[in-house]
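Understanding the architecture of this molecule
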Amino acid sequence: AEYLVPAFFIPKNFYIPTSKTPLWELVQFVAFWDQAYGEMQTASLAENDRQSMYSVGTGIRVRVWDKLYARVEWAWALGNLALTEAPEDRRKFYFRLTYEI
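Residues numbered from 1 in each chain as written. Predicted model: local features only at pLDDT ≥ 70, side-chain atom pairs only at ≥ 80, totals over all residues. Heavy atoms only, no water.

**Here's the deal with the confidence of the model for the protein**
Which entries qualify depends on this criterion: Confidence of the predictor at the level of single residues is given by pLDDT, which spans 0 to 100. Every helix listed is a DSSP run of H or I at least four residues long, and every strand listed is a run of E at least two residues long, numbered separately from the N terminus.
When pLDDT is averaged along the protein, the result is 83; 89% of the residues meet or exceed 70. Taking the mean pLDDT of every element in the protein, the minimum, 85, falls on strand 5 (residues 91-99) and the maximum, 91, on helix 1 (residues 23-26).

Structure follows, in structure tokens:
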């Protein structure tokens, strides 16, 4: 699930010099929840052959040009640690450019 929230705190008369759209309409805050389920074909004795994975995250989405969006997101894995996973591996940072057709 993903939720997009406009940046209402930016003044409505604030513009980027090359844009005719107010900045508050170009910036959105993002909150999301991800869930996945997987089954391993050959699990070791220490592993569970079925696993559910969850994560939550937040970020910022900016409309750069017409249908081109840039996103910066931070995500955190939830649940138990795998035996081979260190705690610092559970935080992720993403940057993405998307063009909507």
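**What about the side chain of Glu73?**
We count it as follows: Any residue under 20% of the maximum accessible area for its type is buried, any over 50% is exposed, and the rest in between are partly exposed; the area is computed with a 1.4 Å probe on protein chains only. The term polar contact refers here to a pair of N or O atoms within 3.5 Å; inside protein, the definition further demands a hydrogen-donor-capable atom paired with an acceptor-capable atom, and it admits residues adjacent in sequence only when both atoms are side-chain atoms. Every residue pair with non-hydrogen atoms within 4.5 Å of one another is taken to be in contact.
On the secondary structure map, Glu73 appears in strand 4 (residues 68-78). For Glu73, a relative accessible area of 7% gives the class buried. Of note is the side chain of Glu73, whose polar atom sits 2.6 Å from the side chain of Arg71. With sequence-adjacent residues up to four places away left out, Glu73 is seen in contact with Val30, Phe32, Thr58, Gly59, Lys92, Phe93, Tyr94 and Arg96.

**Describing the packing of aromatic side chains**
Stated formally: Only the six-membered ring of Trp is used, alongside the rings of Phe and Tyr, when aromatic pairs are assigned; centres must lie within 6.5 Å, and planes under 30 degrees apart are stacked while those over 60 apart are edge-to-face, with the rest tilted. Charge-over-ring contacts are defined here by two conditions on Lys NZ or Arg CZ: a distance within 6 Å of the ring centre and an angle within 35 degrees of the ring normal.
In the structure shown here, the tally under the stated rule is four aromatic pairs. Lying across the ring of Trp24, Lys12 places its NZ or CZ 3.9 Å from the centre. For Arg61, the ring lying beneath its charged end belongs to Tyr69, and the centroid distance is 3.8 Å.

**Some remarks on a nonpolar patch on the surface**
Let me state the cut-off plainly: By definition, no residue in a patch forms a salt bridge, and every one has over 30% relative accessible area; like charges are joined within 9 Å, nonpolar side chains (Val, Leu, Ile, Met, Phe, Trp, Tyr) within 5 Å. Areas reported here follow the Shrake-Rupley algorithm with a probe of radius 1.4 Å; residue values treat only the protein chains shown as occluding. Only one rule defines a salt bridge in this text: a Lys or Arg side-chain nitrogen within 4 Å of an Asp or Glu carboxyl oxygen.
Judged by side-chain polarity, Val64, Trp65, Trp74, Trp76, Phe93, Phe95, Leu97, Tyr99 and Ile101 come together as a nonpolar surface patch covering roughly 1100 Å² of accessible area. Secondary-structure elements contributing two or more residues to the nonpolar patch are strand 3 (50-65), strand 4 and strand 5. By residue number, the principal contributor to the nonpolar patch is strand 5, which donates four residues. Here Phe93 shows up in strand 5.

**Section: the nonpolar core**
Heads up, the rule is: Residue types Ala, Val, Leu, Ile, Met, Phe, Trp, Tyr and Cys, when buried and joined through side-chain atoms within 4.5 Å, form a set referred to as a nonpolar core.
Residues Ala7, Ile10, Leu23, Trp24, Leu26 and Val27 constitute the largest nonpolar core, which totals six residues. No other element matches the three residues that helix 1 contributes to this core. Discounting residues that sit within four places of it in the chain, Trp24 has contacts with Pro6, Ala7, Phe8, Ile10, Pro11 and Lys12.

**Points about the environment of Asn13**
Inspection of the secondary structure puts Asn13 in the loop between strand 1 (2-6) and helix 1. Owing to a relative accessible area of 63%, Asn13 belongs among the exposed residues under this scheme. For Asn13 and Leu23, which are ten residues apart along the polypeptide, the C-alpha to C-alpha distance reads 8.2 Å.

**Points about the sheet that holds strand 2 (residues 27-39)**
Stated precisely, the cut-off is as follows: Between any two strands, at least two bridges found by DSSP are needed for them to pair. The convention used is that axes are lines fitted to C-alpha atoms, helices contributing only their stretch in contact, and that angles between N-to-C directions extend from 0 to 180 degrees.
Strand order in this open sheet of five strands is 1-2-3-4-5, and the pairing throughout is antiparallel. If you trace the sheet from one side to the other, it starts and ends with strand 1 and strand 5, each paired once. Taking each pair of neighbouring strands and ignoring which way they run, the sheet shows an average axis angle of 20°. For strand 3 and strand 4, the ladder comprises eleven bridges, and the chain directions are antiparallel. Directly across from Thr58, in strand 4, lies its bridge partner Trp74.

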